Amino acid sequence: MSNPPTSTQPIFWRDSELPHIELRQVSDGRAVCYEPHSHTQWSMGAITGGQSTFEYVGRHYHVGEGSLVFMNPEWVHACNPVDNQPWAYLMLYVDAGWLAGLRFRLGLLDAPLWQDIHCDVSSSAVLYSGFQALADWLQDGRVSSEQKRNDVEAFLSEVMVSISDTAEQAEQPFPPAPETLQELARYLDGHCTDELPVEWMAERAGLSPSHLVRVFRKHFGMTPHAYQINRRIQLGQRAIRRGAPIADAALAAGFFDQPHFQKVFKRLVAATPGQYGQPLKRLPDRV
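As a starting point, this report considers the structure included with it. (Residues numbered from 1 in each chain as written. Predicted model: local features only at pLDDT ≥ 70, side-chain atom pairs only at ≥ 80, totals over all residues. Heavy atoms only, no water.)

### Things to note about the overall build of the protein
Thought 1: Secondary structure summary: the protein contains ten helices and eight strands in total.
Thought 2: Here the C-alpha radius of gyration of the protein, 19 Å, is about what a compact globule of 287 residues would show, namely 19 Å.
Thought 3: Counting across all 287 residues of the protein, residues that qualify as buried make up 50%.
Thought 4: Considering only intrachain contacts with a sequence separation of at least 6, the fraction spanning at least 24 residues in the protein is 70%.
Thought 5: For the protein, the exposed area adds up to about 13,600 Å²; of that, 52% sits on carbon and sulfur atoms.
Thought 6: Across the protein, the mean location of the 25 positive side-chain charges is 4 Å away from that of the 32 negative side-chain charges. (Helix = DSSP H or I, 4+ residues; strand = E, 2+ residues; numbered from the N terminus. Rg over C-alpha atoms; globule rule 2.2 N^0.38 Å. Buried < 20%, exposed > 50% of the residue type's maximum accessible area, 1.4 Å probe, protein only. Contact = heavy atoms within 4.5 Å. Areas by Shrake-Rupley, 256 points an atom, 1.4 Å probe, with all protein chains shown as cover. Lys, Arg positive; Asp, Glu negative; His and termini not counted. Charge placed at Lys NZ, Arg CZ, Asp CG, Glu CD.)

Structure (structure tokens):
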């Protein structure tokens, strides 16, 4: 199967009958720059051209064509071009609950509950070619959703078994946070759209503002403000995936200024809300 024409804009693929997965394809990543962020999903990426940096919970990699990268839910990361050189990639985002269930059925977990996977990068040619084939298959409108669902499960089963040797004990990227910081993070999860000055957060945690910023970054990989903004953009993404207009998604994410929402969204998602909200339905006809 052929790839779609080269585009400087990211392509997103989603299917309402497969809500547990989402695919992203970028043909020219020089215009795609990320700030450190995290996802609620488990993510898998493939560098399909050129090279890039991969920063993952404080670890730094230089990855090139043929490399695979893996990201646990909530683990902070960023991929960016090297010296403005061309690079291209695929990303697959998988619902963590669904994937935990699959790993349980495969006998890799004792219970269908998420457990972090300690595997950052891979050079497996088999998994790399399988990922490329799956991406083409998903974007082909002539293939049924049922067949795609079966192929996704088969491919991810192969991936999970392949990395199972390192999946038992995931190396935690940050030391466990004290209960006061965990409580603050939980509060931010539920109130991320509120205007919460760092002074208020510091008082709640019983720390000075400067000390709070330092220790929160130490335990969560980002400052309290960045953590809150990351959560707000995740809300905006969910609203867009449900079909909400951009203005409504901005409000759902706590942004009363739509241009500000678009600016912050692009910094963390490396795409505009409009691009994210128009997923590809099928590949162009073959020639």
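### Remarks on unusual backbone geometry
Thought 1: A positive phi is found at Val57, a non-glycine position, where the angle reads about 40°.
Thought 2: With respect to the element layout, Val57 can be found in the loop between strand E3 (42-56) and strand E4 (59-64).

### Brief notes about a nonpolar patch on the surface
Thought 1: Taken together, Leu106, Leu108 and Val161 make up a surface patch of nonpolar side chains, about 210 Å² in accessible area.
Thought 2: Within the secondary structure, Val161 sits in helix H3 (residues 145-162). (Patch = residues over 30% accessible without salt bridge, like charges linked within 9 Å, V, L, I, M, F, W, Y side chains within 5 Å. Salt bridge = Lys/Arg side-chain N within 4 Å of Asp/Glu carboxyl O.)

### Things to note about the side chain of Gln139
Thought 1: As for its position among the elements, Gln139 is in the loop between helix H2 (125-138) and H3.
Thought 2: Taking relative accessible area as the criterion, Gln139 reaches 1% and is therefore assigned buried.
Thought 3: Among the polar contacts listed, one links the side chain of Gln139 to the side chain of Gln25, at a separation of 3.0 Å. (Polar contact = N/O pair within 3.5 Å; in protein donor to acceptor, adjacent residues only side chain to side chain.)

### Here we look at the pattern of salt bridges
Side chains carrying opposite charge are able to pair once their charged atoms draw close together.
Thought 1: Taken as a whole and assessed by the stated rule, the structure comprises ten salt bridges.
Thought 2: A salt bridge links Arg241 to Glu22; the nearest nitrogen and oxygen atoms lie 3.9 Å apart. One end of the pair, Arg241, is in helix H7 (residues 224-241); the other, Glu22, is in strand E2 (residues 21-26), with 219 residues separating them in the sequence.
Thought 3: On the accessibility criterion, Arg241 (34% relative accessible area) is partly exposed.
Thought 4: For the salt bridge of Arg231 with Glu74, the shortest nitrogen-to-oxygen distance reads 3.0 Å.

### What to know about the nonpolar core
Thought 1: Grouped together as the largest cluster of nonpolar side chains are 28 residues, with contacts concentrated most on Trp42, Phe131 and Val159.
Thought 2: Listing elements by their share of this core, those giving two or more residues are E2, E3, strand E5 (68-71), strand E7 (87-94), helix H1 (96-105), H2 and H3.
Thought 3: Sort the elements by how many residues they give to this core and H2 lands first, with six residues.
Thought 4: With near-sequence residues (within four places) excluded, Phe131 lies in contact with Leu23, Met44, Gly45, Ala46, Leu68, Leu90, Met91, Leu92 and Phe155. (Core = buried A, V, L, I, M, F, W, Y, C linked by side-chain atoms within 4.5 Å.)

### A look at the packing of helix H5 (residues 198-205) against helix H6 (residues 209-220)
Thought 1: Contact geometry for H5 and H6: axes closest at 9 Å, N-to-C directions at 80°. With respect to their mutual orientation, H5 and H6 come out roughly perpendicular. On H6, the residues touching Val198, Glu199, Met201, Ala202 and Ala205 of H5 are Pro209, Leu212 and Val213.
Thought 2: For the contact of H5 with H6, a count of residues per class yields seven nonpolar, no polar and one charged. (Axes fitted to C-alpha atoms, helices over the stretch in contact; angles between N-to-C directions. Parallel < 35°, antiparallel > 145°, perpendicular 65-115°, else oblique. Nonpolar A, V, L, I, M, F, W, Y, C, P; charged D, E, K, R; others polar.)

### Notes on the environment of Thr193
Thought 1: Inspection of the secondary structure puts Thr193 in the loop between helix H4 (179-190) and H5.
Thought 2: In this structure Thr193 comes out as partly exposed when scored by relative accessible area, which is 29%.
Thought 3: Residues Thr193 and Arg231 lie 38 residues apart in sequence; the distance between their C-alpha atoms is 8.5 Å.
Thought 4: Beyond its immediate chain neighbours, meaning those up to four positions away, Thr193 contacts Arg232, Leu235, Ala252, Ala253 and Gly254.

### Description of the pairing of strand E6 (residues 77-81)
Thought 1: Taking burial as the measure, the five residues of E6 include five buried ones, the bulk of the element.
Thought 2: Along E6, one buried face is formed by His77, Cys79 and Pro81 and the opposite face, lined by Ala78 and Asn80, is buried too.
Thought 3: Sheet topology places E3 next to E6; five bridges connect them, and they run antiparallel. Residue Thr53 lies in a different strand from E6, and its bridge partner there is Asn80. (Pairing = 2+ DSSP bridges.)

### Remarks on H2
Thought 1: The terminal C-alpha atoms of H2 lie 20 Å apart, and with 14 residues this matches the ideal 20 Å at 1.5 Å per residue to within 8%.
Thought 2: Taken together, the buried positions of H2 are Leu127, Tyr128, Gly130, Phe131, Leu134, Ala135, Asp136 and Leu138.
Thought 3: Buried residues along H2 sit in contact with strand E1 (11-13), E2, E3, E5, E7 and H3. (Expected span 1.5 Å × (residues − 1).)

### Some thoughts on the environment of Cys192
Thought 1: Within the secondary structure, Cys192 is located in the loop between H4 and H5.
Thought 2: Sequence-wise, Cys192 and His225 are 33 residues apart; in three dimensions their C-alpha atoms are separated by 9.4 Å.
Thought 3: In this structure Cys192 touches Gln228, Arg231, Arg232 and Leu235, once residues within four positions along its chain are discounted.

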